[in-house]
Amino acid sequence: MNGSAVRRLTVAQALVEFLAHQYTERDGQRHRLINATWGIFGHGNVAGLGQALLESGPDTMPYLQGRNEQAMVHAAVGYARQNNRLAAQAVTTSIGPGATNLVTGAALATVNRLPVLLLPGDIFATRPADPVLQQLEVGYAGDISVNDALRPVSRYFDRVMRPEALIPAALQAMRVLADPAETGAVTLALPQDVQAEAFDWPEEFFADRVWHVRRPAPEAAEVAAAARTIRAARRPLIVAGGGVHHSEAEDSLRALVDATGIPVASTQAGKGSLRHDHPADIGGIGHTGTAVADDLARTADLVIGVGTRYSDFTTASATLFADPAVRFLNLNITPFDAHKLGATTVVADARAALEALNAELAGHRVDEMYEAEYRTGKTAWERRVDAAYAAEDETARPSQTQVLGALDAVVGDEDVVINAAGSLPGDLHKLWRARSPRQYHLEYGYSCMGYEIPGAIGVRLAAPGTPVWALVGDGTYLMMPTEIVTAVQEGININIVLLQNHGYASIGGLSETTGAERFGTAYRFRAADGRYTGDPLPVDLAANAASLGMDVLRAKSVGELREALAEARASDRPTCVYVETETADTVSGAPEAQAWWDVPVAQTATRPAAVKAREDYDRQAAARRRHL
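What comes next concerns the included structure. It should be emphasised that the depicted structure is a prediction, and the values quoted were computed from it without experimental measurement.

Each helix and strand in the protein was counted, giving 24 helices and 23 strands. Relative to its length of 628 residues, the protein is compact, with a C-alpha radius of gyration of 25 Å against a globular reference of 25 Å. In terms of its C-alpha atoms, the protein occupies a principal-axis envelope of roughly 75 × 70 × 55 Å. When burial is assessed residue by residue, the protein has 60% of its 628 residues classed as buried. By sequence separation, contacts in the protein at least 24 residues apart represent 77% of the contacts at least 6 residues apart. Here the protein carries 57 positive and 75 negative side-chain charges, and the mean point of each set is 4 Å from the other.

Printed below as a string of structure tokens:
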């Protein structure tokens, strides 16, 4: 190849070797970009990437054996988030169902702006037989496979139809993975014949390559305009999103808040941006937020979004920011998010933007009456947290919030608590007292049932000495318990807190408020009327977890729960704490929602519950507004 040194390898071998030499660098710290490859092998990748991983060996590319393709992506996402997006993992699957099982995990990664490299096998590029096993035939096109389902959920997608096409495709894949404004799921679909094809690769392709993770500085004019906007505001409120964590901007945020006294509310992804006991931390915001945060949001004349994408939970479906003159100022590395809600923008890295803004605001501080107001509100909410956590009878079965109270008493600052779906995210957002930036790990961009256990494995792989807790309801557990086997096999001592409440408690509550009367949300036998209102199902999830290899501790009361949690934290084996909470219709015990969430209700119905629900819906929806 033009006289340059070459190395003859298959496409799969070349890709593995290439990945082993990719690094990120930020603030002078270098990280290996792809630290391991998860894989389940079938005919679409066993002789290609499977053989390449075997031949390269664990020093070049560590291999991790998964049980479910979606779960492997979740584990990789947990790993990337714990590493502040500076290190990631790859996932390889066969063609067919193995590949399509990636779609949910890819969507989760892309929605949450977290990097993961997907390497599904694909149909033959040379088409010696057509169709091959598991090929989707499309009558109007010959170049489509099931992997095309990954296009809309990937930030970058390419199908490598020739060996030499790997070079530009691989480089583009790394560029996107390392770009904080673009990152998400990246897919390189690999036809199975191309994986095994040999080619003479230039040695330069395998040289160490460092991808600088940029911290774009804000423009001086944007910072000056932002500072003028803040100085003019009487009741400013910061909304801290996940971008605060990804850019490691927690110290910069705290410095700005200490100097100005501006209160900070947090999204699910941003919780922990300030430690819970900081005077300006007023907790979660939006539908699952605290009373003090939502009250301040309703009266704020300036909302300062830092690294947030303003989901409908955050804005209470466009009803929360109610002041007629409210304005928005957004600090975000992504222009798409910075310009939301008609905002004044600072398009930059969150840390760089906060530092510049703090300097520009020197000497400015909010009115002391405003500080006193939100501190009083914070104190009042803390009393509600105490009440939700408290248990007068240590021998009684715990409520869900009492489970959180027992866990709160056991964890240290370094522990990580993971959750994603059900009624727990709302309780956690309102009540959890985050002690450190990475303690609160909620996947709520996609709110994917089944994320928690594999996500915990990914976090533990990223932080081997860190106690990790996966909080899982029975509905979520039944979605994806498979990676318990992986945790046991690899000796990854995650802790699972498994709450049994006999149904989809979160959707049951939502169903009741929207006129669907908890239809189809309980795990019970059918009654005579054909509905699921009979006795609870005789399902023993603790026995299931034990059968997959976990140590299991059963807790029947609040007192036993406290002891079990302490024992689990001290254990060096994967441990499940199983507790049966109150029934699904009384599961939580948390304060009710402090703000609305738009779930459309039937406009016509005969059942009284639905008629009333629609009346309530119309009243709430009337408060929606567009911020232009």
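Next comes the rest of the write-up.
Sheet architecture is open: six strands sit in the order E5-E4-E6-E7-E9-E8, paired in parallel fashion. Unpaired on one side and paired on the other, strand E5 (63-65) and strand E8 (156-159) mark the two borders of the sheet. Here the strands of the sheet are splayed against their neighbours by 20 degrees on average, with no regard to which way each runs. Note that strand E7 (residues 116-122) and strand E9 (residues 185-191) share five bridges and pair parallel. Among the inter-strand pairings, valine 116 is bridged to a residue of E9, identified as alanine 185. Each of strand E4 (34-39), E7, E8 and E9 is contacted by helix H6 (residues 166-178), which is oriented at about 160 degrees to E9, the strand it contacts most.

Across all of its chains, the model carries 40 salt bridges by this definition. A salt bridge links arginine 162 to glutamate 164; its shortest N-O distance comes to 3.5 Å. With a relative accessible area of 42%, arginine 162 lands in the partly exposed category. Since its relative accessible area comes to 37%, glutamate 164 is described here as partly exposed. Put simply, lysine 340 and aspartate 337 hold a salt bridge, and the shortest N to O gap is 2.9 Å. Residue lysine 340 is classed as partly exposed on the basis of its relative accessible area, which comes to 22%. Take aspartate 337: its relative accessible area is 3%, and that puts it in the buried class.

Below, the discussion takes up the sheet that holds strand E3 (residues 29-32). In space, the three strands of this open sheet follow the order E3-E2-E11, with mixed pairing throughout. Pairing within the sheet leaves two strands with one partner each, and these edge strands are E3 and strand E11 (209-212). Strand-to-strand, the axes of this sheet are offset by a mean angle of 30 degrees, without reference to chain direction. Pairing of strand E2 (residues 22-26) with E3 involves four bridges; the strand directions are antiparallel. Residue pairing across strands places glutamate 25 opposite arginine 30, the latter belonging to E3. H6 rests against E2 and E11 of the sheet, and its axis sits at about 40 degrees to E11.

What follows concerns the packing of aromatic side chains. Working definition: an aromatic ring pair is given by the centre-to-centre distance plus the angle between the planes. Enumeration according to the criterion identifies 12 aromatic pairs in this entry. Judged by centre distance (5.4 Å) and plane angle (25 degrees), the ring pair of phenylalanine 41 and tyrosine 63 falls under stacked. Of this pair, phenylalanine 41 sits in the loop between E4 and helix H2 (46-56) while tyrosine 63 sits in strand E5, and the two are 22 residues apart along the sequence. For tyrosine 63, a relative accessible area of 32% corresponds to the partly exposed category. When the centroid spacing of 5.2 Å and the interplanar angle of 70 degrees are considered together, the rings of phenylalanine 313 and tyrosine 444 count as edge-to-face. Here the residue phenylalanine 313 occupies a position in helix H12 (residues 312-315), and tyrosine 444 occupies one in the loop between strand E19 (440-442) and helix H18 (452-462), the gap between them amounting to 131 residues. Residue phenylalanine 313 is classed as buried on the basis of its relative accessible area, which comes to 12%. Through pairs of rings, three or more aromatic residues link up here, namely Phe18, Phe199, Trp201, Phe205 and Phe206.

Time to look at the environment of leucine 119. Take leucine 119: it is sitting in strand E7. Residue leucine 119 is classed as buried on the basis of its relative accessible area of 2%. When the C-alpha atoms of leucine 119 and glutamate 394 are compared, they prove to be 51 Å apart, with 275 residues separating the residues in sequence. Leaving out residues up to four positions away in the same chain, leucine 119 has contacts with Leu15, Leu19, Leu49, Ala90, Val91, Thr92, Thr93, Leu188 and Leu190.

This part covers the pairing of E7. Of all seven residues in E7, seven are buried; the element is thus mostly enclosed. Every second residue of E7 is oriented toward a common face, with Val116, Leu118, Pro120 and Asp122 on one face and Leu117, Leu119 and Gly121 on the other, all of them buried. Pairing analysis gives four bridges linking strand E6 (residues 88-93) to E7, with the strands arranged parallel. By the bridge assignment, alanine 90 is partnered in E7 with leucine 117.

Reading the values: the criteria
Residues numbered from 1 in each chain as written. Predicted model: local features only at pLDDT ≥ 70, side-chain atom pairs only at ≥ 80, totals over all residues. Heavy atoms only, no water. Helix = DSSP H or I, 4+ residues; strand = E, 2+ residues; numbered from the N terminus. Rg over C-alpha atoms; globule rule 2.2 N^0.38 Å. Buried < 20%, exposed > 50% of the residue type's maximum accessible area, 1.4 Å probe, protein only. Contact = heavy atoms within 4.5 Å. Lys, Arg positive; Asp, Glu negative; His and termini not counted. Charge placed at Lys NZ, Arg CZ, Asp CG, Glu CD. Pairing = 2+ DSSP bridges. Axes fitted to C-alpha atoms, helices over the stretch in contact; angles between N-to-C directions. Salt bridge = Lys/Arg side-chain N within 4 Å of Asp/Glu carboxyl O. Phe/Tyr/Trp six-rings, centres within 6.5 Å; stacked < 30°, edge-to-face > 60°.

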